[in-house]
Amino acid sequence: MIIALAADHAGFAYKERIKDLLDGLGHTFIDYGTESAERADYPDYAHRASEGILRGECERGIFVCGTGIGISIAANRHRGIRAASCQILEAARMSRLHNDANVLAIGERLVAWPLAEEMILVWLETPFEGGRHSARIEKIDLRDS
Ligand code: RB5
C-alpha cells in the first residue's frame, strides 16, 4: 500500500520512525513534509497530503502533530478524507471497521511510540466492515457546509 505521510514539527520525529516501520512492513510512502523539526504549521501538511490521497497518489495516510487533533481537523476539511485521531488501540481498529478511516492521525506528545506503532499495525491490517456502515459514510459527504 502507498501511504501519505504528513507532520508538523511536533510530529516530525514520529514521521521519520513511521518511514522505517513502513519500510519493514513492505509498504511504500510519499512524504508530504515537513522536512525538519523547525516550527511548521500542521494545516499546510494536512492539506498537501490530503490532496495527494484525493488525487490517487496514495491509498491512505498517517498524519502526526503534537496531539493528532489539529492535523486531523485540517484533513477532514477535504471531502473524501476521513481522518481519525486515535489515542487507544481500539479506536484505531474501529476507525477502520466502522468508519473506513483513510487517515490515521497520531499525537506524538500524547501517544508513546510502542502504542503508536501498535495502532499503525492494526490500522493498516484492519479492513472496512462495509454493510450498514457504507450508507453512513455516504451521508458524511452529503453536506456542503
Ligand atoms: C504545535 O505546537 C501543536 O499545536 C500542534 O502540533 C498540534 O498539536 C495541534 O493540534
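Here the structure is shown first, and the text comes after it.
Quantities reported herein were computed from a predicted structural model and do not represent experimental measurements. (Residues numbered from 1 in each chain as written. Predicted model: local features only at pLDDT ≥ 70, side-chain atom pairs only at ≥ 80, totals over all residues. Heavy atoms only, no water.)

Participant: I keep staring at the packing of aromatic side chains and nothing clicks. Help me out?
Facilitator: Working definition: an aromatic ring pair is given by the centre-to-centre distance plus the angle between the planes. Summed over all chains, the structure comprises one aromatic pair. Between Y14 and W113, the aromatic rings sit 5.1 Å apart at their centres with planes inclined by 70°, giving edge-to-face as the arrangement. One end of the pair, Y14, is in helix 1 (residues 12-25); the other, W113, is in helix 5 (residues 113-125), with 99 residues separating them in the sequence. The same class applies to Y14 and to W113, which are both buried. (Phe/Tyr/Trp six-rings, centres within 6.5 Å; stacked < 30°, edge-to-face > 60°. Helix = DSSP H or I, 4+ residues; strand = E, 2+ residues; numbered from the N terminus. Buried < 20%, exposed > 50% of the residue type's maximum accessible area, 1.4 Å probe, protein only.)

Participant: Would you explain the sheet that holds strand 3 (residues 60-65) in this entry?
Facilitator: Judged by pairing direction, the sheet is parallel, and its five strands sit side by side in the order 2-1-3-5-4 without closing on themselves. Each edge of the open sheet carries a strand with a single partner, namely strand 2 (28-31) and strand 4 (83-85). Sheet twist, expressed as the mean angle between neighbouring strand axes with direction ignored, is 25°. Helix 1 rests against strand 1 (2-7), strand 2, strand 3 and strand 5 (103-107) of the sheet, and its axis sits at about 165° to strand 1. (Pairing = 2+ DSSP bridges. Axes fitted to C-alpha atoms, helices over the stretch in contact; angles between N-to-C directions. Contact = heavy atoms within 4.5 Å.)

Participant: Where do I start with the site of the ligand in this structure?
Facilitator: Near the ligand the following residues occur: D8, H9, A10, Y42, C65, G66, T67, G70 and R109. Between the ligand and the protein, one listed contact pairs an oxygen atom with a backbone N or O atom of G70 at 2.9 Å. Of the residues contributing to the shell around the ligand, the split by class is three nonpolar, four polar and two charged. (Near = heavy atom within 4 Å. Polar contact = N/O pair within 3.5 Å; in protein donor to acceptor, adjacent residues only side chain to side chain. Nonpolar A, V, L, I, M, F, W, Y, C, P; charged D, E, K, R; others polar.)

Participant: Please explain the pairing of strand 1 as it appears in this structure.
Facilitator: Put simply, side chains in a regular strand alternate between the two faces of the sheet. Burial within strand 1 is extensive, with five of its six residues counted as buried. Relative to strand 2, strand 1 runs parallel, the two sharing four bridges. Bridging from a neighbouring strand, I2 pairs with T28 of strand 2. As paired elements, strand 1 and strand 3 share five bridges and run parallel to each other. Considered in strand 3, the bridge of A6 is made with F63.

Participant: Could you clarify how one ought to interpret unusual backbone geometry in this entry?
Facilitator: Both trends apply: most residues other than glycine have a negative phi, and most peptide bonds are in trans. The omega torsion of the bond from G33 to T34 falls at 10°, within 30 degrees of zero and hence cis. Structurally, the position occupied by T34 is in the loop between strand 2 and helix 2 (42-54). The backbone phi angle of D100 is positive, close to 50°, even though this residue is not glycine. Inspection of the secondary structure puts D100 in the loop between helix 4 (89-97) and strand 5.

Participant: Would you explain the packing of helix 4 against helix 5 in this entry?
Facilitator: Helix packing geometry: the angle between the two helix axes and the distance between the axes. Where helix 4 meets helix 5, the axes come as close as 9 Å, and the angle between the chain directions of the two elements is 20°. Between helix 4 and helix 5, the angle is such that the two are roughly parallel. The chirality of how helix 4 crosses helix 5 is right-handed. Only L115, E118, M119, V122 and W123 of helix 5 make contact with helix 4, whose side of the interface consists of L89, A92, R93, S95 and R96. (Parallel < 35°, antiparallel > 145°, perpendicular 65-115°, else oblique. Left-handed = near helix turned anticlockwise from the far one by under 90°.)

Participant: Sorry, what's going on with the pattern of salt bridges here?
Facilitator: Oppositely charged side chains can form a pair if their charged atoms are brought close together. For the structure shown, the criterion picks out eight salt bridges. In this structure, D31 engages K15 in a salt bridge whose closest nitrogen and oxygen atoms are separated by 2.9 Å. Of this pair, D31 sits in strand 2 while K15 is found in helix 1, placing the two residues 16 residues apart along the sequence. Note that R93 is salt-bridged to E90, the shortest N-O span being 2.9 Å. Linking R93 with E90, this pair stays in helix 4, spanning three residues, or about one helical turn. E90 sits in the partly exposed class, given a relative accessible area of 38%. Taken together, the salt bridges that share partners define one network made up of K15, E16, K19 and D31. (Salt bridge = Lys/Arg side-chain N within 4 Å of Asp/Glu carboxyl O.)

Any functional reading would require information beyond the geometric quantities listed.
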